[in-house]
Amino acid sequence: MDFAIPADVAATLEDLDRFIAAEIAPLEAEHPQFFDHRREHARTDWERDGVPRTDWEELLAEMRRRADAAGFLRYALPSSVGGSDGTSLAMAIIREHLASKGNGLHNDLQNESSVVGNFPIVHMFLAAGTEAQQAAFVEGLVTGDIRMGFGLTEPDHGSDATWMETTAERVDGGWAISGRKRWNTGLHTATHDLVFARTSGEPGQADGITCFIVPTDADGFSVDRFLWTFNMPTDHAEVTLDRVEVGEADVLGDVGRGLAVAQMFVHENRIRQAASSVGAARYCLGRAVSYASERVVFGRPLWTNQAIQFPLAELATEVELVSTLVRRTAWELDHRGQMEVSDRVAMCNYRANRLACDAADQAMQTMGGWGYSRHEQVEHIYRHHRRYRITEGSDEIQLRRIAGVMFGRRPKG
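Residues numbered from 1 in each chain as written. Predicted model: local features only at pLDDT ≥ 70, side-chain atom pairs only at ≥ 80, totals over all residues. Heavy atoms only, no water.

Attention shifts here to the overall build of the protein. Of the regular secondary structure elements, the protein holds 12 helices and 14 strands. In terms of C-alpha radius of gyration, the protein reaches 22 Å, essentially the compact-globule figure of 22 Å for 413 residues. In terms of principal-axis extent, the alpha carbons of the protein reach across some 80 × 50 × 40 Å. Considering only contacts in the protein between residues 6 or more positions apart, those separated by 24 or more positions represent 69%. Between the mean site of the 43 positive side-chain charges and the mean site of the 60 negative ones, the protein shows a separation of 6 Å. (Helix = DSSP H or I, 4+ residues; strand = E, 2+ residues; numbered from the N terminus. Rg over C-alpha atoms; globule rule 2.2 N^0.38 Å. Contact = heavy atoms within 4.5 Å. Lys, Arg positive; Asp, Glu negative; His and termini not counted. Charge placed at Lys NZ, Arg CZ, Asp CG, Glu CD.)

Structure below.
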């Protein structure tokens, strides 16, 4: 592996920076309330169960339209759907670069919104969808005309998804789905929901779970409430399905192999999420160093105190170590495949997400009360990135994957 950034990726970073400066930064400057100390309040429709405000989401959509017109939004997608066939390594470098700039309209991780899109559900359709499903959904998912939730977790089952209680039984012409989902993200605007339900087998078995494409306006589909979180606004719903009927054409992937489809989602996300966490950590470190260089206490610069220097020096070392691990693992993904390096991906996800939280916490400590205030981004970064230590595989799930490979139980899918 060559540790230098590939020339084409370096050129893309320069193009991105110019595009952000010319198109996105001015647009962000027109709406300061969404990015300064008012960000959480301005983005949240408190009277509508805490979901994102319409004007905030319209701004995000305008950013995506500009990024798509400039040729950046679809970078990681195949050329067959207008993308640039971006590699895992390229995406890791780009996501770290964008996140290291701090939160902004160019890359607002709270909304999984970026000028370079991630699109894990699009990758799922490209890998597992029929030609008809791809024709019906892929372009709309990219443009935002179609919005799709992801219904895997349940009130009583999170990491133990094989024990889910939502079921689907065959009926004339299709399936009837009954059950409940929690942390069903995006349901405030979703046109469809990917719902995972047991269609055969016994609780605890991986086989026998099927993924269904469910219109959110279907009879028996109800959004019961939105769960308020550490970082607001929320788009995380609790959903009830009461004999919701769908057709055979609404099965994504093979019947009984839905967890393999779900893994496509997390596999696309984990390494890129890790790269974003490294970038966020790099931003927090830079902000803490800048503050400590400017702040004068007891008649001398704050940074001259070893109590300030040493934690930041340790943090700088960790940022470089984890960044290297993430890029190496992304390179291996491009050359070996997900299952061959699943333990490395788990290492990246586990360590990088903790690193982002540690870096934000240390930046707050370095800046004291000012770092704790909402006039700095670091407290917002902490509140957002803390969720990544739970979602799409908690710290404990990542460690279990690492240990499983260590002790000879390499996953098969």
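Now that the structure has been shown, we can carry on.
Our focus in this paragraph is the nonpolar core. The biggest cluster of nonpolar side chains holds 92 residues, and the ones touching the most others in it are Val115, Phe125, Met148, Leu194, Phe196, Leu252 and Val326. The element best represented in this core is helix 7 (residues 258-294), accounting for 17 residues. Every residue in contact with methionine 148, bar those within four places of it in the chain, is listed here: Ile121, Phe125, Phe137, Leu141, Ala190, His192, Asp193, Leu194 and Ile213. Counting residues in each nonpolar core, the second largest holds 19 residues, with Val51, Phe212, Ala218 and Val244 among its members. (Core = buried A, V, L, I, M, F, W, Y, C linked by side-chain atoms within 4.5 Å. Buried < 20%, exposed > 50% of the residue type's maximum accessible area, 1.4 Å probe, protein only.)

We now examine the packing of helix 8 (residues 306-336) against helix 9 (residues 342-367). Remark: helix 8 packs on helix 9, axes separated minimally by 10 Å, with the N-to-C direction vectors making an angle of 155 degrees. One way to sum up the angle between helix 8 and helix 9 is to call them roughly antiparallel. The handedness of the crossing between helix 8 and helix 9 is left-handed. Its residues placed into classes, the contact of helix 8 with helix 9 shows 15 nonpolar, 3 polar and 5 charged. (Axes fitted to C-alpha atoms, helices over the stretch in contact; angles between N-to-C directions. Parallel < 35°, antiparallel > 145°, perpendicular 65-115°, else oblique. Left-handed = near helix turned anticlockwise from the far one by under 90°. Nonpolar A, V, L, I, M, F, W, Y, C, P; charged D, E, K, R; others polar.)

In regular strands, side chains alternate between the two faces of the sheet. By the bridge criterion, 5 bridges tie strand 6 (residues 167-171) to strand 7 (residues 174-185) in an arrangement that is antiparallel. Across the sheet, the residue bridging to valine 171 is glycine 174, located in strand 7. Remark: 2 residues form the turn of the hairpin made by strand 6 and strand 7, two consecutive strands paired antiparallel; glycine 173 in that turn has positive phi of roughly 85 degrees. (Pairing = 2+ DSSP bridges.)

Let us now look at the layout of surface pockets. Considered as a void within the structure, the second largest pocket measures approximately 350 Å³ in volume. Lining the second largest pocket we find 18 residues, and of these Ser88, His123, His267, Glu268 and Arg272 sit closest to its centre. Contributing elements (two or more residues each) for the lining of the second largest pocket: helix 5 (120-128), helix 7 and helix 8. With 5 residues, the top contributor of residues to the lining of the second largest pocket is helix 7. Here the lining of the second largest pocket is composed, by residue class, of 8 nonpolar, 6 polar and 4 charged. (1 Å grid on protein atoms, 1.4 Å probe; cavity = no way out; pocket = protein on both sides within 12 Å on 5 of 7 lines; lining within 4 Å. Points joined across faces, edges and corners; volume = space filled by probe spheres on them.)

A few words now on the environment of serine 84. Secondary-structure assignment places serine 84 in the loop between helix 3 (54-69) and helix 4 (88-99). When residues no more than four places from it in sequence are discounted, the contact partners of serine 84 are Gly71, Arg74, Tyr75 and Leu77.

The subject of this paragraph is helix 8. Spacing of three or four residues puts side chains on the same side of an α-helix, whose turn is 3.6 residues. Its 31 residues place the ends of helix 8 44 Å apart at the C-alpha level, agreeing with the 45 Å of an ideal helix rising 1.5 Å per residue. Of all the residues in helix 8, the buried ones are Ile308, Leu312, Leu315, Val319, Val322, Ser323, Val326, Thr329, Ala330, Glu332 and Leu333. As for helix 8, its buried residues are in contact with helix 4, helix 7 and helix 9. Glycine 337 occupies a position one or two residues after helix 8 and carries a positive phi of about 100 degrees. (Expected span 1.5 Å × (residues − 1).)

Position of histidine 123 among the secondary structure elements: in helix 5. Along the primary structure histidine 123 and glutamate 268 are separated by 145 residues, whereas in three dimensions their C-alpha atoms are 7.8 Å apart. With near-sequence residues (within four places) excluded, histidine 123 lies in contact with Ala76, Leu77, Asn118, Glu268 and Arg272.

Aromatic ring pairs: the centre-centre distance and the angle between the two ring planes describe each pair. Within this structure, the stated rule accounts for 8 aromatic pairs. Centroid distance phenylalanine 19 to phenylalanine 72: 5.2 Å. Interplanar angle 45 degrees. Geometry classified as tilted. With a gap of 53 residues between them, phenylalanine 19 in helix 1 (residues 7-29) and phenylalanine 72 in the loop between helix 3 and helix 4 connect regions that are remote in the sequence. For phenylalanine 72, a relative accessible area of 11% puts it in the buried group. Aromatic ring contacts, followed pair by pair, group Phe34, Phe35 and Trp56 into a single cluster. (Phe/Tyr/Trp six-rings, centres within 6.5 Å; stacked < 30°, edge-to-face > 60°.)

Our focus in this paragraph is the side chain of histidine 380. Inspection of the secondary structure puts histidine 380 in helix 11 (residues 378-385). The residues touching histidine 380, leaving out its near neighbours within four places in the chain, are Arg39, Arg43, Asn103, Gln110 and Asn231.

Turning our attention to the pattern of salt bridges. Throughout the structure, instances matching the rule amount to 32 salt bridges. Between glutamate 379 and arginine 383 there is a salt bridge whose closest N-O contact spans 2.8 Å. A residue pair is termed a helical-turn pair when its members lie 3 or 4 positions apart in one helix, as glutamate 379 and arginine 383 do in helix 11 at 4 residues. Overlapping salt bridges bring together Arg39, Glu40, Arg374, Glu379 and Arg383 as one network. (Salt bridge = Lys/Arg side-chain N within 4 Å of Asp/Glu carboxyl O.)

Burial analysis of strand 8 (residues 192-198) places 7 of its 7 residues in the buried class, the great majority of the element. Of the two faces of strand 8, both are covered, the one formed by His192, Leu194, Phe196 and Arg198 as well as the one formed by Asp193, Val195 and Ala197. Where strand 8 lies against strand 9 (residues 209-215), 7 bridges are found, and the strand directions are antiparallel. Note that in strand 9 the partner of histidine 192 across the bridge is proline 215.

A separate point is helix 1. The end-to-end C-alpha separation of helix 1 is 32 Å, in line with the 33 Å expected for 23 residues at 1.5 Å each. Residues of helix 1 that are buried: Val9, Thr12, Leu13, Leu16, Phe19, Ile20, Ile24 and Leu27. Next to the buried residues of helix 1 lie helix 3 and helix 4.

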